[in-house]
Amino acid sequence: MSQARSVGVIERFRDRLPFGPTDPVVTLGEGGTPLVLAERLSERVGAEVHLKLEGTNPTGSFKDRGMTCAVSAAVREGAQAVICASTGNTAASAAAYAAKAGLRGAVIVPDGKIATGKLAQALVHGARVIALRGNFDTALELVRELAARHPIALVNSVNEFRLEGQKTAAFELLEDLDGRLDALCIPVGNAGNITAYWKGFVEAGAAPRLFGFQAAGAAPLVNGAPVKDPETVASAIRIGNPARWEEAIDAMRASRGAIRAVTDDEILSAYRLLAATEGVFCEPASAASVAGLLKYGADGAERIACVLTGHGLKDPDVALEQVGAVVPCEPQLRAIERAVLG
Ligand SMILES: *Cc1c(COP(=O)(O)O)cnc(C)c1O
């Protein structure tokens, strides 16, 4: 596995991706992420539950799988710059892969609504970070127009190469589980990832049921109508008008799955549970997959994978709000005894 991991998804799955043997490849060694059996969660749910740790990708989210493809294709096409609208992780990933490729990068984020770690990443990689006084949906509309007018590659998941790269996670799941997977639980924001997984499963001849979960305050696919002012603690899925709306509904129907809502309280409770009982620190949006599984079950599925889309360190502010305080202590043995054992 360690060898597979270091080469990146294009080299590893080139025969199933739109890249020829001599095409330029911009990679940071993404993919090959761990699949971990969640023992406590399995007990609770009464099924075998595995966690796909996408937060272990190079920039800490699954976005890297798609970004290696989108940026490699941009280089192949001779683009000088890449641009995206982002709730954070796409920005972090685009900035890193642009830096690796020697391209200029610009990212448009909703003002004040992006997690601290993601903002730090975009800036440290040298992207121009533009804080839009508007939400993600407005940002995406504007960058689509901008990319249509200028020779800049748009690397949002409306870019087909993003989905191509992201489908490789489905291949890895089937490899790791010897082809037997009954259900996949996954958070849904712009709905690119659920679309990509379904594409991957179909290409590999598999058909697990797809259970997608949106935050209750940002659940357009559940409500059947766009949400004007989406609100949730899970900033990565704070999206009111998903770009891959139809594809997500198609994937849900074709797989006999469902797209449902989970509240912020349910998301945060799953988030704490994963950290405290499984040793896995994911970001709030990622925990929506487990929150949904705990709330709705998986309709008799025996073997389930939950996609944990991003790393918990992305959003330290939410983490610190969710846990107990540190224990102050005088530098004496008696005091430390009380502090440790008391
Ligand atoms: C982007 C993202 C999502 C949502 O994926 P979509 O393809 O927009 O549905 C979920 N979780 C995290 C951590 C993300 O970065």
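See the structure shown above.
Starting afresh in each chain, residues are numbered from 1 along the sequence in its written order. Restriction of local features to residues with pLDDT of at least 70 applies here, the model being predicted, together with a cutoff of 80 or more for giving and counting side-chain atom pairs; totals for whole chains, interfaces and linings are based on all residues. As a convention, hydrogens and water are excluded, and side-chain values are obtained from all of the structure's heavy atoms.

What follows is about helix α7 (residues 136-149). Working note: α-helix, 3.6 residues per turn, so residues spaced by three or four point in the same direction. With 14 residues, α7 extends 20 Å from end C-alpha to end C-alpha; this agrees with the ideal 20 Å at 1.5 Å per step. When a residue's accessible area, from a 1.4 Å probe over protein chains only, is under 20% of the maximum for its type it is buried; when over 50% it is exposed; and in between it is partly exposed. Helix numbering and strand numbering both begin at the N terminus, where a helix is a DSSP run of H or I of at least 4 residues and a strand a DSSP run of E of at least 2. Within α7 the residues assigned to the buried category are F136, D137, A139, L140, V143 and A147. In an axial view of α7, the angular spread of the buried residues amounts to 150°, which keeps them on one side of the axis. Along α7, the residues that are exposed and aim more than 90 degrees away from the buried face are E141, A148 and R149. Any two residues whose heavy atoms approach within 4.5 Å are treated as being in contact. Taken together, the buried residues of α7 touch β3 (81-85), β4 (104-110), β5 (128-132) and β6 (152-154). Here the expected length of a helix is defined as 1.5 Å per residue gap, with one fewer gap than residues. Relevant arc is that of directions from the helix axis to the C-beta atoms, nothing else.

Attention now goes to the packing of helix α5 (residues 89-101) against helix α6 (residues 116-124). The description of two packed helices rests on the angle between their axes and on the distance between the axes. Comment: axis = line fitted to C-alpha atoms, over the contacting stretch for helices; angle = value between 0 and 180 degrees taken between N-to-C directions. Relative orientation of the contacting elements α5 and α6 amounts to 25°, with a least axis distance of 8 Å. Accordingly, the angle class assigned to the pair α5 and α6 is roughly parallel. Judged by the twist between their axes, the crossing of α5 over α6 is left-handed. Across the interface between the two elements, N89, A91, A92 and A95 of α5 pack against K118, Q121 and A122 of α6. Under this grouping Gly is polar, as are all residues other than the nonpolar Ala, Val, Leu, Ile, Met, Phe, Trp, Tyr, Cys and Pro and the charged Asp, Glu, Lys and Arg. Taken together, the residues of the contact of α5 with α6 break down into four nonpolar, two polar and one charged. Working definition: roughly parallel below 35 degrees, roughly antiparallel above 145 degrees, roughly perpendicular at 65 to 115 degrees, and oblique for all remaining angles. Should the near helix be turned counterclockwise from the far one by less than a right angle, the crossing is left-handed, whereas a clockwise turn marks it as right-handed.

A separate point is the packing of helix α10 (residues 192-203) against helix α12 (residues 245-254). Contact geometry of α10 with α12 gives a least axis separation of 8 Å together with a crossing angle of 45°. Taken together, the axes of α10 and α12 are oblique relative to one another. Between α10 and α12 lies a crossing of left-handed hand. Two secondary-structure elements touch here, α10 through I194, T195 and W198 and α12 through E247, A248, A251 and A254. Along the lines of polarity and charge, the residues of the contact of α10 with α12 split into five nonpolar, one polar and one charged.

Right, let's get into the packing of aromatic side chains. For Phe, Tyr and Trp, where Trp contributes only its six-membered ring, two rings pair if their centres lie within 6.5 Å, and the inter-plane angle classes them as stacked under 30 degrees, edge-to-face over 60, or tilted in between. In the structure shown here, the tally under the stated rule is five aromatic pairs. Arranged with centres 6.1 Å apart and planes meeting at 40°, the rings of Y197 and F201 form a pair that is tilted. One end of the pair, Y197, and the other, F201, are both in helix α10, four residues apart, so they sit about a helical turn from each other. Each member of the pair, Y197 as well as F201, carries the same accessibility label: buried. Seen in terms of ring centroids, F213 and Y296 are 6.1 Å apart; in terms of plane orientation they differ by 10°. Their pairing is stacked.

To continue, consider the sheet that holds β4. Backbone-to-backbone hydrogen bonds pair the strands of a sheet. The strands run either parallel or antiparallel. Strands sit in the order β5-β4-β3-β6 across an open sheet of four strands; the sheet is parallel. Sheet topology places β5 and β6 at the edges, where each strand pairs with a single neighbour. Within this sheet the neighbouring strands show an average axis-to-axis angle of 20°, counted without direction. If DSSP finds at least two bridges between two strands, the strands pair. Two strands pair when backbone bridges link them, and β4 and β5 are joined in this way by five bridges, in the parallel orientation. Each residue of the ladder has a partner; that of V109, found in β5, is A131.

Looking now at the pattern of salt bridges. Salt bridges are defined as contacts in which a side-chain nitrogen from Lys or Arg sits within 4 Å of a carboxyl oxygen from Asp or Glu. Scanning the entire structure with this criterion turns up 19 salt bridges. For the salt bridge of E54 with R65, the shortest nitrogen-to-oxygen distance reads 2.6 Å. One end of the pair, E54, is in the loop between β2 (48-53) and α4 (63-76); the other, R65, is in helix α4, with eleven residues separating them in the sequence. By relative accessible area, E54 is classed as buried at 0%. With its nearest N and O atoms 3.1 Å apart, the salt bridge here joins E231 to K113. In this pair, E231 sits in the loop between α11 (220-223) and α12 while K113 sits in the loop between β4 and α6, placing the two residues 118 residues apart along the sequence. Look at E231 and you get partly exposed, because its relative accessible area is 42%. Taking relative accessible area as the criterion, K113 reaches 37% and is therefore assigned partly exposed.

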